[in-house]
Amino acid sequence: MNHMMEGGFWSAGMFLGAFVWLLFIGLVLFLVFYLLGKLFHTDSPKDKSSIAILNERYAKGEINRQEYEEKKQVLTRK
């Protein structure tokens, strides 16, 4: 009965201990998801510049030299 009068079931030490464990588990989960995201990250078109995409299309033969030059002029014009 005396234990209940001194702070109830969750005394300050127990609350702090539980908080530290939850913080630790949250940190571990964050690191796992962060590292998995880095590991499986692939370059998506949004990560590439317009010039890089144009260069790739020309290198693959999707566009001819004339189209390449025209599009490059449009993209580099300010």
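Residues numbered from 1 in each chain as written. Predicted model: local features only at pLDDT ≥ 70, side-chain atom pairs only at ≥ 80, totals over all residues. Heavy atoms only, no water.

**Quick notes on a nonpolar patch on the surface**
A grouping of Trp 21, Phe 24, Ile 25, Val 28, Leu 29, Val 32, Phe 33, Leu 36, Leu 39 and Phe 40 is seen on the molecular surface, where their side chains present a nonpolar patch of about 1100 Å² in accessible area. Considering the arrangement of structural elements, one finds Phe 24 in helix α2 (residues 12-39). (Patch = residues over 30% accessible without salt bridge, like charges linked within 9 Å, V, L, I, M, F, W, Y side chains within 5 Å. Areas by Shrake-Rupley, 256 points an atom, 1.4 Å probe, with all protein chains shown as cover. Salt bridge = Lys/Arg side-chain N within 4 Å of Asp/Glu carboxyl O. Helix = DSSP H or I, 4+ residues; strand = E, 2+ residues; numbered from the N terminus.)

**Looking at the packing of helix α3 (residues 50-60) against helix α4 (residues 65-76)**
Remark: α3 packs on α4, axes separated minimally by 10 Å, with the N-to-C direction vectors making an angle of 180 degrees. When the interaxial angle is binned, α3 and α4 end up roughly antiparallel. Counted together, Ser 50, Ile 51, Leu 54, Asn 55 and Tyr 58 of α3 and Arg 65, Tyr 68, Lys 71, Lys 72, Leu 75 and Thr 76 of α4 form the full contact between these two elements. For the contact of α3 with α4, a count of residues per class yields 5 nonpolar, 3 polar and 3 charged. (Axes fitted to C-alpha atoms, helices over the stretch in contact; angles between N-to-C directions. Parallel < 35°, antiparallel > 145°, perpendicular 65-115°, else oblique. Contact = heavy atoms within 4.5 Å. Nonpolar A, V, L, I, M, F, W, Y, C, P; charged D, E, K, R; others polar.)

**Comments concerning the pattern of salt bridges**
If the charged atoms of two oppositely charged side chains come close together, the side chains can form a pair. Scanning the model with the defined rule gives 2 salt bridges in all. One salt bridge connects Glu 62 with Arg 57, and the closest N-O pair in it is separated by 3.2 Å. Exposure remark for Arg 57: the relative accessible area of 33% places this residue in the partly exposed category. We note a salt bridge from Glu 69 to Arg 65, for which the minimum N-O separation is 3.8 Å. Of this pair, Glu 69 and Arg 65 are both found in helix α4, 4 residues apart, which corresponds to roughly one turn of the helix. Note on Glu 69: relative accessible area 33%, which makes it partly exposed. Using a relative accessible area of 53% as the deciding quantity, one classes Arg 65 as exposed. (Buried < 20%, exposed > 50% of the residue type's maximum accessible area, 1.4 Å probe, protein only.)

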